[in-house]
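# Results of the structural survey
Below, each chain spelled out in residue letters.
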Amino acid sequence: LAMVFSLTACGGASTTMTMGTGSPTGTYYAYGGIIGQYIKNNANIAVNAVSTGGSKANIQGIDVGDYQLGTVQSDVMDYAWNGTRSFEEDGKVESFRTVAGLYAEAVQLITVNPEIKSVADLKGKKVSVGAPGSGVYFNAIDVLSTAGIAETDIKPQYQNFDESADALKDGKIDAAFIVAGAPTPAITELSMTNTNTRIVPIDGAFAEKLMKDNTFYSVYKIPANTYSNQPEEISTVTVKATLIVSASASEEDVYNLCKAIFENTDAIAAENGKGAELSIENATSGMTAPFHKGAAKYFAEKGVTVDAQ
């Protein structure tokens, strides 16, 4: 009997899940690794967080069975579920379910060019707008369109976070859109090496028009001193980083991983500042794709009813 208990205690996790995240210098990757550890330690699910191309790649990875978990932008999740924008050609994807909203993903327009003080100043400039069809790309197009700037009015560069930061550092581009939780490692590193690094505000009437035309955006304030040489708070807009799971995952596993995350919020926040945004309200609001039944069961115990399939 003692041997049986010993083997049970030393046994591996009952379930293994691969989590698609994002660029190694983006928030998804670092944060995904942290919550993966809490799931492993508290839900008996071994989570392997891997670097990927981001939201669309993670949804597609779940669809073909390469991943079982993924971090995605809430707007890209909406595109996939409804078969619009970046998923218009491939068609809607219904093989995933929502687990929870995690934190705000700020639309950060970064420049090292002192002439660029507003979105309007991007006209004619070399601007990184993210990988083609990515969530960042459509965020950039939304912002540019609000300013009356077409993609052909700039010199677009289709780069990920790392490439954008390197290109800004080397003076190869004038500005870049980076959509991620702030502080974003790629921007932090750039701001420490180049004192001209600035975030261009997206605020006032401009932001109001953007949000009226695209309802998945909301106002977000990047706190002062989030980055080097940023003494003042900066207003921009945000979408929400969201954890999704394969629809085929068991109700028990998804319930347990929700519990592992939301009953360890203080510890997660101590390891990554974005953990401070974990809450039942934030997890369950603004989601346009249905929740997994395991997640719905956990949130119901906390007094919140969500749409589940």
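Bear in mind the structure is a predicted one, so any value in this text is a computation, not a measurement.

## Quick look at the nonpolar core
- Formed by 99 residues in total, the largest nonpolar core has its most connected members in Ile59, Phe96, Leu122, Phe177, Leu243, Leu257 and Phe299.
- Ignoring any residue separated from it by four or fewer positions in sequence, one finds Leu257 in contact with Met17, Ile39, Ala43, Ile45, Leu69, Val99 and Leu243.

## Observations concerning unusual backbone geometry
- At the junction of Ala182 and Pro183, the peptide bond is cis and its omega measures out at 5° in the coordinates.
- Position of Pro183 relative to the elements: it lies in the loop between β7 (175-180) and α7 (185-193).
- We note that Asn225 has phi near 65°; this positive angle belongs to a residue other than glycine.
- Looking at where Asn225 falls in the secondary structure, it is placed in the loop between β9 (218-222) and β10 (234-246).

## Here's the deal with helix α5 (residues 135-146)
- Look at α5: 17 Å from first C-alpha to last across 12 residues, which is about the 16 Å you get at 1.5 Å a residue.
- Taken across its 12 residues, α5 has 11 buried, putting it largely inside the fold.

## With respect to the confidence of the model for the protein chain
- With 96% of its residues at a pLDDT of at least 70, the protein chain reaches an overall mean of 93.
- A low-confidence stretch, residues 1-11 (pLDDT under 50), is modelled with zero contacts involving residues beyond four sequence positions or located in other chains.

## Quick notes on the packing of aromatic side chains
- Going through the model one piece at a time under the given rule, you end up with 12 aromatic pairs.
- Measuring from ring centre to ring centre gives 5.1 Å for Tyr31 and Tyr103, while their planes differ by 75°; the resulting arrangement is edge-to-face. You can see Tyr31 sitting in helix α2 (residues 27-43) and its partner Tyr103 sitting in strand β4 (residues 96-111), a full 72 residues away along the chain. Accessibility assignment for this pair places Tyr31 and Tyr103 in one class, buried.
- With a centroid separation of 5.8 Å and 70° between ring planes, the pair formed by Phe262 and Phe299 is classed as edge-to-face. Separated by 37 residues along the polypeptide, Phe262 in helix α9 (residues 251-262) and Phe299 in helix α12 (residues 293-301) bring together distant segments of the chain. Assigned by exposure class, Phe262 and Phe299 land together as buried.
- The structure contains a cluster of three or more aromatic residues connected by ring pairs, namely Tyr79, Tyr137, Phe138, Tyr158, Phe216 and Tyr217.
- The ring of Phe87 has Lys56 sitting right over it, with the charged end atom 5.4 Å from the ring centre.
- Directly above the aromatic system of Tyr255 lies the positively charged group of Lys297, at a separation of 5.0 Å from the ring centroid.

Thresholds, definitions, all that
- Residues numbered from 1 in each chain as written.
- Predicted model: local features only at pLDDT ≥ 70, side-chain atom pairs only at ≥ 80, totals over all residues.
- Heavy atoms only, no water.
- Core = buried A, V, L, I, M, F, W, Y, C linked by side-chain atoms within 4.5 Å.
- Buried < 20%, exposed > 50% of the residue type's maximum accessible area, 1.4 Å probe, protein only.
- Contact = heavy atoms within 4.5 Å.
- Helix = DSSP H or I, 4+ residues; strand = E, 2+ residues; numbered from the N terminus.
- Expected span 1.5 Å × (residues − 1).
- pLDDT = per-residue confidence, 0-100.
- Phe/Tyr/Trp six-rings, centres within 6.5 Å; stacked < 30°, edge-to-face > 60°.
- Lys NZ or Arg CZ within 6 Å of the ring centre and 35° of its normal.

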